[in-house]
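Understanding the architecture of this molecule
What follows is each chain in one-letter form.
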Amino acid sequence: MKTKLLLLIAIVFTAININAQVSLIGVGATGSWSTDYDLTDADADGIWTGTAVPMAGGEFKFRLDHAWTTAYGNGNGAATWPSGTADTTPGVNNNILAIAGVYDVSFDIATGAFSFAGGTPIPVVKLVGSAVTTVGGIVLSTADLVTFTVSNATLVAGDAQFSIDGVLYGGTTFPIGSALSNTDLIPATAGSYTTISINVVSGDYVFTPAPLFQLISLTGAAVGGWGTGFDFDLTPVDTDNYRLNDIALLAADCKFRKDHDWATTWGDAAFPSGVSTGNNITVTTAGNYDAKLNIVTGAYSFAFPQISLTGAAVGGWGVDSDLITTDGLNYSLDNLVMTTEGCKFRRDHDWATSWGGDAFPTGNPGNGDIQAVAGTYNVTFNNLTKAYNFADVLSTNQFDQNLFSLAPNPTKGMFAINADVAKVQIFNLTGQLVKTFNTKAANESLSISELNQGIYFVKVTDLNLNEKTIKLIKE
């Protein structure tokens with residue numbers, strides 16, 4: 001019986017390998033995230049190999065069948081090289097950092113174990129000295145065997161030297177200099193550093209201080225109130241530019257300010273964009289916005305987030321089909337022709353923020369590609385919950401979201417919906433679910449009396465599982 005079972009496993013595994021293809025992809029391998037280098041499985045045993053494979057140096061991944069559906073990176077989140085264990089777990093399969101060279105490659109598709117043999121020996125480069133609090137020194141990494149770098153390092157006031165395979169090198173200047181002496185000490189300044197790097201050929205080194213960011217917030221009646229308790233902090237893009245994504249605004253006044261204090265503020269009567277003159281900004285149209293501010297020039301802007309659909313199913317990865325919105329919350333795109341391929345939603349035509357999904361034609365957000373079926377669809381996307389729906393134009397009657405409305409809005413604590421519903425969910429400004437109502441008849445009273453004053457989002461699901469999200473103000 002055991003022999004038959006092992007034989008069956010071997011047959012199934014062999015069948016999988018016959019149809020599979022494992023490749024290397026990324027700037028660190030082929031020089032591009034769109035070009036694959038195919039490995040071979042000559043013995044059909046799941047061990048994929050390559051001989052004398054040129055690696056460009058930098059980040060890369062293994063992937064299956066030339067698709068991102070199954071991509072293998074470092075399962076433990078560490079940039080292990082020249083060997084390690086990769087997996088496909090979303091959120092932890094970071095890119096592998098390769099050192100430039102020519103290697104013999106081995107990858108076990110069953111365990112994720114990989115190795116790169118050959119290439120030039122890699123020097124061990126560290127930053128050591130009284131300025132370094134890390135036991136044993138701070139280890140620097142490289143992609144080209146010339147420049148070694150560490151990111152996000154913190155130093156105390158003291159001396160520093162670079163250790164290259166145990167030999168010490170230092171300089172006399174900071175934050176830039178040349179480490180050409182075995183006895184010189186670099187006079188380091190306490191602080192946080194974005195990068196510390198050294199060129200081991202020339203000896204040139206650079207300590208790049210982390211930028212000093214300001215505490216900038218948006219406050220005012222448009223976000224629920226003025227001052228303490230109603231500051232929504234922006235995220236620094238660089239030392240001058242700050243942004244706040246997905247902030248819900250009422251048709252009312254608001255202002256940017258520094259350090260949660262009124263001593264320094266930015267605003268002007270113009271909306272959705274302008275240059276600060278010190279006046280309040282009057283929001284003319286309520287909605288969900290991305291807010292931006294340059295604290296040097298005073299230029300500011302408010303715009304609905306840009307959501308698009310991209311992927312092979314809609315013309316290619318990086319080819320964006322933009323959805324439209326009137327509130328920055330509910331997005332739609334009608335009569336979109338799709339093929340049987342993968343796709344994803346993304347923000348600002350950029351991969352920094354993207355959403356895949358677990359099912360088609362409707363589902364919840366996830367890391368994998370949404371696997372579309374060929375057809376023509378009306379697409380909807382909710383920017384709060386990230387739920388999506390692809391409604392087949394030829395086979396379904398489209399749901400008229402305009403039929404849903406809430407009253408009264410604003411409310412003191414009670415409101416009703418003008419249609420029969422299967423579920424009503426209440427979310428706060430941060431997207432947290434704070435209350436749920438199950439099946440309710442049209443115009444049946446719903447109470448949120450126990451909730452604090454402020455702005456909420458009401459996600460309504462009808463009896464046919466169609467959805468709409470509506471903004472509700474609790475006074």
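To be clear, the structure that these remarks concern was listed above.
Because the structure is predicted, anything quoted here is derived from the model rather than measured.

**Quick notes on the pairing of strand E2 (residues 32-38)**
Sheet topology note: the strand E1 (residues 22-26)/E2 ladder contains four bridges and is antiparallel. By the bridge assignment for E2, Gly26 is matched with Ser32. Between E1 and E2, which pair antiparallel one after the other, the connecting turn spans five residues, and Gly31 there sits at a positive phi close to 90°.

**Points about unusual backbone geometry**
The step from Phe174 to Pro175 runs through a cis peptide bond, and the omega angle for that step is 10°. Looking at where Pro175 falls in the secondary structure, it is placed in the loop between strand E14 (167-169) and strand E15 (176-178). Of note, the amide linkage connecting Asn409 to Pro410 takes the cis form, showing an omega dihedral of 10°. Tracing the backbone shows Pro410 in the loop between strand E40 (406-407) and strand E41 (414-417). Even without being a glycine, Asn335 presents a positive backbone phi close to 55°. Note on placement: Asn335 falls in strand E32 (residues 330-338). Overall, the relative accessible area of 52% leaves Asn335 in the exposed class. With a phi angle near 55°, His349 is a residue other than glycine that sits in the positive phi range. The topology assignment puts His349 in the loop between strand E33 (342-347) and strand E34 (350-357). Judged by relative accessible area, His349 falls into the partly exposed class, the value being 34%.

**Side note on the pattern of salt bridges**
Where charged atoms of side chains with opposite charge meet at close range, the side chains can pair. Overall, the coordinates contain eleven salt bridges when judged by the stated rule. Its salt-bridge partner being Arg63, residue Asp36 comes within 2.8 Å of it at the nearest N-O pair. Of this pair, Asp36 sits in strand E2 while Arg63 sits in strand E4 (residues 58-64), and the two are 27 residues apart along the sequence. Look at Asp36 and you get partly exposed, because its relative accessible area is 22%.

So, how was this worked out
- Residues numbered from 1 in each chain as written.
- Predicted model: local features only at pLDDT ≥ 70, side-chain atom pairs only at ≥ 80, totals over all residues.
- Heavy atoms only, no water.
- Pairing = 2+ DSSP bridges.
- Helix = DSSP H or I, 4+ residues; strand = E, 2+ residues; numbered from the N terminus.
- Buried < 20%, exposed > 50% of the residue type's maximum accessible area, 1.4 Å probe, protein only.
- Salt bridge = Lys/Arg side-chain N within 4 Å of Asp/Glu carboxyl O.

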